[in-house]
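# Architecture and fold: a report
Each chain is listed here by its residues.
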Amino acid sequence: MPHATASDGTRIAYQTAGDGPPLVLLAGQSNSHHWWDAVRADFETGHRTVTLDHRGTGDSDKPDEPYSTEGFADDVIAVLDRLGIERADVYGTSMGGRIAQWLAARHPARVRRLVLGCTSPGGTHGVERDGGVRASLALPSATAVRRALLDLMYTPGWLAEHPGPYGTLGDASMPAYARRRHLVASDQHDAWEVLPLIQAPTLVLHGTDDRFNPAANAALLAGRIPDARVELIEGARHAYFEEFREVAGPLVLDFLAGP
């Protein structure tokens, strides 16, 4: 597995596939590149996809020290530098979308087009998940938490027809301390002040039935990012990109085809 070296010496594992203009795919909290396994092929016919294992996940180093969404964005830059990619399209979902906000705001010359999926500006301006969702994810039973996650990610009908395995429920190889570090990094994200600095054309995607990260955040992001466009996917939950891939995939590809 190839690695890039971040500015602090942490080794970041990355993966590439396909041919064409580069497209960086950024996974959610406590997930490795396997988050994208179910849909990655949808983008590979026209793009060279680049994924990475966030520090603390997969084959990347797992330092026991504070993580941040800004720091994760710097790790993406290290991967792009290692690959010799000066400019890329970026598609981030969930915490990956939070990372993508910093990437586009702080490194505008490196991002051609930006897609933010099921994500939030964070901080006091973001719309938080309700207390019931938080309680379901803090249950002492791992089985109960997994059941709650599945319900937040997918609709019951889709789950009935797709028994798994699922790539969006977290990296089982992560040490407990790294999971905590990811949770804190995501919870402390606040890009509100820098969102107007984003220069890349931006598409904001969200499922209307997303309780894990409420859909109201889509309008907040689009209202803050110059000329951003919003597309809401009716009936979709947090993993809209997988369950509703026949809707979401073409939306993203059509958007990326722009100049």
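The structure this text deals with has already been given above.
Just so it is clear, the structure is predicted and the values come from calculations on it, not from any experiment.

When helices and strands are counted, the protein chain shows ten helices and eight strands. Overall, the C-alpha framework of the protein chain stretches about 45 × 40 × 35 Å when taken along its three principal axes. Across the 259 residues of the protein chain, 54% fall into the buried class. Here the contacts in the protein chain between residues at least 6 apart in sequence split such that 75% fall between residues at least 24 apart. Taken as a whole, the protein chain presents about 10800 Å² of accessible surface, with 52% of it coming from carbon and sulfur. The distance from the centre of the 24 positive side-chain charges to the centre of the 33 negative ones in the protein chain is 3 Å.

The next thing to look at is empty space enclosed by the protein. Following the criterion strictly, the structure yields one cavity of 30 Å³ or more and no others. As a volume, the largest cavity reaches approximately 40 Å³. For the lining of the largest cavity, the secondary structure elements donating two or more residues are helix H1 (41-44) and helix H10 (245-256). For the lining of the largest cavity, the class distribution of residues is five nonpolar, one polar and two charged.

Read from one edge of the open sheet, eight strands run S1-S2-S4-S3-S5-S6-S7-S8, paired in mixed fashion. Single-partner strands in this sheet number two, and they are strand S1 (3-5) and strand S8 (229-233). Along the sheet, successive strands turn relative to each other by an average axial angle of 25°, direction set aside. The pairing of strand S3 (residues 22-26) with strand S5 (residues 88-93) spans four bridges and is classified as parallel. Along S5, the bridge assignment pairs Leu25 with Tyr91.

On to the environment of Asp81, then. Mapping Asp81 onto the fold places it in helix H2 (residues 69-83). Spatially, the C-alpha atoms of Asp81 and Ala6 are 10.0 Å apart, while their sequence positions differ by 75 residues.

Our focus in this paragraph is the layout of surface pockets. Counted as a void, the largest pocket has a volume near 850 Å³. Gln29, Leu137, Leu149, Leu183 and Phe212 are the residues nearest the centre of the largest pocket, which is lined by 37 residues in total. At the level of secondary structure, the elements contributing two or more residues to the lining of the largest pocket comprise helix H3 (95-106), helix H4 (131-137), helix H5 (142-153) and helix H7 (176-187). Each residue belonging to the lining of the largest pocket can be placed in one class, and the counts come to 16 nonpolar, 13 polar and eight charged.

Following the criterion strictly, the structure yields 15 salt bridges and no others. Among the salt bridges present, the one from Arg181 reaches Asp64, with a minimum N-O distance of 3.1 Å. Note that Arg181 is positioned in helix H7 and Asp64 in the loop between strand S4 (48-52) and H2, a separation of 117 residues in sequence. Bridged by salt links that share partners, the residues Asp8, Arg55, Glu65 and Asp75 form one connected network.

Now for the environment of Ala27. Inspection of the secondary structure assignment puts Ala27 in the loop between S3 and H1. Along the chain, Ala27 and Val90 lie 63 residues apart, while their C-alpha atoms are 11 Å from each other. Discounting chain neighbours no more than four positions away, the residues touching Ala27 are Ser32, Trp35, Trp36, His54, Thr93, Met95 and Gly96.

As a further point, take the nonpolar core. One recurring pattern in soluble globular proteins is that nonpolar side chains are buried together. The biggest cluster of nonpolar side chains holds 45 residues, and the ones touching the most others in it are Val24, Leu26, Val76, Val79, Val90 and Leu114. A per-element tally of this core places H2 first, with eight residues. With near-sequence residues (within four places) excluded, Val79 lies in contact with Ala4, Ile12, Tyr14, Val50 and Leu52. Formed by 32 residues, the second largest nonpolar core is a distinct cluster that contains Val39, Tyr154, Ala248 and Leu256.

Of note, His189 is situated in the loop between H7 and strand S7 (202-207). Of note is the side chain of His189, whose polar atom sits 3.0 Å from the side chain of Gln101. Among all residues touching His189, those that are not within four sequence positions of it are Thr69, Arg98, Gln101, Trp102, Ser120, Pro121, Gly122 and Gly123.

Considering all chains together, one arrives at eight aromatic pairs under this definition. A ring pair is formed by Trp36 and Phe241, whose centres lie 5.4 Å apart and whose planes are at 40°; its orientation type is tilted. Of this pair, Trp36 sits in the loop between S3 and H1 while Phe241 sits in helix H9 (residues 240-243), and the two are 205 residues apart along the sequence. Like Phe241, Trp36 is buried. Through a chain of ring-to-ring contacts, the aromatic side chains of Trp35, Trp36, Phe43, Tyr91, Tyr240 and Phe241 assemble into a single cluster. Over the face of the ring belonging to Phe212 we find Arg129, whose NZ or CZ atom lies 4.2 Å from the ring centre.

Thresholds, definitions, all that
- Residues numbered from 1 in each chain as written.
- Predicted model: local features only at pLDDT ≥ 70, side-chain atom pairs only at ≥ 80, totals over all residues.
- Heavy atoms only, no water.
- Helix = DSSP H or I, 4+ residues; strand = E, 2+ residues; numbered from the N terminus.
- Buried < 20%, exposed > 50% of the residue type's maximum accessible area, 1.4 Å probe, protein only.
- Contact = heavy atoms within 4.5 Å.
- Areas by Shrake-Rupley, 256 points an atom, 1.4 Å probe, with all protein chains shown as cover.
- Lys, Arg positive; Asp, Glu negative; His and termini not counted.
- Charge placed at Lys NZ, Arg CZ, Asp CG, Glu CD.
- 1 Å grid on protein atoms, 1.4 Å probe; cavity = no way out; pocket = protein on both sides within 12 Å on 5 of 7 lines; lining within 4 Å.
- Points joined across faces, edges and corners; volume = space filled by probe spheres on them.
- Nonpolar A, V, L, I, M, F, W, Y, C, P; charged D, E, K, R; others polar.
- Pairing = 2+ DSSP bridges.
- Axes fitted to C-alpha atoms, helices over the stretch in contact; angles between N-to-C directions.
- Salt bridge = Lys/Arg side-chain N within 4 Å of Asp/Glu carboxyl O.
- Core = buried A, V, L, I, M, F, W, Y, C linked by side-chain atoms within 4.5 Å.
- Polar contact = N/O pair within 3.5 Å; in protein donor to acceptor, adjacent residues only side chain to side chain.
- Phe/Tyr/Trp six-rings, centres within 6.5 Å; stacked < 30°, edge-to-face > 60°.
- Lys NZ or Arg CZ within 6 Å of the ring centre and 35° of its normal.

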